[in-house]
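Per-entry structural report
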Amino acid sequence: MSQYSPTDRPNGPVIADLRSDTVTKPCAGMRAAMAAAEVGDDVYGEDPNVTALEQRLADQMGKEEGLFLPSGTQSNLIAMLSHCGRGEEVIAGDSYHVIRYEAAGASVLGGVALHALPVAEDGGLDPEAIAGAVKEDDSHHPISRLLSLENTNYGQAVPLARIKAAVAAGRAAGLSIHLDGARFFNAITALGCGAEDLAAPFDSISICLSKGLGAPVGSVLVGPRDLMKRARRLRKMLGGGMRQAGVLAAAGLYALDHNVTSLAEDQHRAAALAEHLRALHLGTVTHATNMVFLTPRDGLDIVGAMAAQGVRLAAPAPATRMVLHSDIDDDAFAAILNGFTQAADARGAA
Ligand SMILES: Cc1ncc(COP(=O)(O)O)c(C=O)c1O
């Protein structure tokens, strides 16, 4: 079972959905921005909102160009295929999304090998492990080409010093470096650094707009001009060239204007939820940035118990991941805390 396995819906109204921050729905202001968006055919490069979004994120990350894509999965795939040819290799963490949850797309579609390394407790990769994974130039081996890191990883904001040490190990071996920054803005919020501080070590970065930032669709891949030229060709090849995509890009621009600072609020709520769960002794609890993980005590069906309270949770794998996001306001958060208290009381009474 994975965190993406289906779970039962609450019978009554859904008060809160903690399965992921991908479940956020566009707010009224975002919908108004989408409705008012001027559009053009982006495959001809004529959509002003797409162009503005791509350039804005590229500038913010200190890179030359950006490319608007339908999803984080396609963005990572296109990054890997832009960096690597057939018979070449990506080195990444074994729990990273590119290894575990992207259907091995780079291997299936691009003949790219994936080498998975153990992920350290802080979500980073150890420099020694990276150096050890790089293959010597020998006809028996794939050609090591790309190191792909992830920040945040399972909610953990990997510290800059750890990122820089991993990147240095990759550079020493001549690798290009990509960041799956699906939750890039959660990471810099937790690390208290600027976007360019985290972006600088990387050649390419994939940033998702449809997670904590609350846009309905979209990711942007940023990087140097020559790489992005290959990425643009691959996007067309994969059917990701969208026409009047400005309605979606307008949602992304709105998200960057309005939804970045509230990520800190999600992180405060995650910490408060973790504290509440610990006090209720429902199981083992950890938390990082906007995510809380509960490994329920033996036999406790926490997903079912919370569904009865109108709160939707992800399947335990073995921990149940709970993700705080902008669709959870003060009332919903109070209902979540109360729901867990009820579940604990019911458990005590059983
Ligand atoms: C770390 C990470 N990378 C990439 C993705 C892929 O994004 P998408 O669902 O838009 O394909 C996700 C999705 O949850 C993710 O958590």
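Quick summary incoming for the structure in this document. Note that the coordinates shown come from a computational prediction; the quantities given were computed from them, not determined experimentally. (Residues numbered from 1 in each chain as written. Predicted model: local features only at pLDDT ≥ 70, side-chain atom pairs only at ≥ 80, totals over all residues. Heavy atoms only, no water.)

A closer look at helix 3 (residues 72–83)
Its 12 residues give helix 3 an end-to-end C-alpha distance of 16 Å, which sits within 8% of 16 Å, the value for a rise of 1.5 Å per residue. The element helix 3 is extensively covered by neighbouring structure, given that 11 of its 12 residues are classed as buried. Three or more residues of helix 3 are buried, namely Gly72, Gln74, Ser75, Asn76, Leu77, Ile78, Ala79, Met80, Leu81, Ser82 and His83. (Helix = DSSP H or I, 4+ residues; strand = E, 2+ residues; numbered from the N terminus. Expected span 1.5 Å × (residues − 1). Buried < 20%, exposed > 50% of the residue type's maximum accessible area, 1.4 Å probe, protein only.)

What about empty space enclosed by the protein?
If you walk through the whole model with that rule in mind, you get two cavities of 30 Å³ or more. When its volume is computed, the largest cavity comes out at roughly 50 Å³. Considering the residues around the largest cavity, the lining is formed by Gly181, Ala182, Arg183, Phe184, Phe185, Asn186, Ile207, Cys208, Lys211, Gly212, Leu213 and Leu263. Residue assignment for the lining of the largest cavity shows that the elements contributing at least two residues are helix 8 (184–191) and strand 7 (204–208). When its volume is computed, the second largest cavity comes out at roughly 40 Å³. Lining the second largest cavity are Tyr96, Gly123, Gly124, Leu125, Leu149, Glu150, Val158, Arg162, Ile163 and Ala166. Contributing elements (two or more residues each) for the lining of the second largest cavity: strand 5 (143–150) and helix 7 (160–172). Sorting elements by how many residues they give to the lining of the second largest cavity places helix 7 first, with three residues. Per-class residue counts for the lining of the second largest cavity are six nonpolar, two polar and two charged. (1 Å grid on protein atoms, 1.4 Å probe; cavity = no way out; pocket = protein on both sides within 12 Å on 5 of 7 lines; lining within 4 Å. Points joined across faces, edges and corners; volume = space filled by probe spheres on them. Nonpolar A, V, L, I, M, F, W, Y, C, P; charged D, E, K, R; others polar.)

Here we look at the sheet that holds strand 9 (residues 283–288)
Within the open sheet, the three strands sit side by side as 9-10-12. Their pairing is antiparallel. On the outer flanks of this sheet lie strand 9 and strand 12 (320–323), each paired with one strand and no other. The sheet shows a mean angle of 20° between the axes of neighbouring strands, taken without regard to direction. (Pairing = 2+ DSSP bridges. Axes fitted to C-alpha atoms, helices over the stretch in contact; angles between N-to-C directions.)

Section: the packing of helix 1 (residues 28–36) against helix 11 (residues 246–258)
At a closest axis distance of 8 Å, the pairing of helix 1 and helix 11 adopts a crossing angle of 140°. As summarised for this structure, helix 1 and helix 11 are arranged oblique, according to the angle between their axes. Judged by the sense of rotation from one axis to the other, the crossing of helix 1 with helix 11 is right-handed. Within the contact between the two elements, helix 1 uses Gly29, Met30, Ala33 and Met34 and helix 11 uses Val247, Leu248, Ala250, Ala251, Tyr254 and Ala255. Looking at the contact of helix 1 with helix 11 residue by residue, the classes come out as nine nonpolar, one polar and no charged. (Parallel < 35°, antiparallel > 145°, perpendicular 65-115°, else oblique. Left-handed = near helix turned anticlockwise from the far one by under 90°. Contact = heavy atoms within 4.5 Å.)

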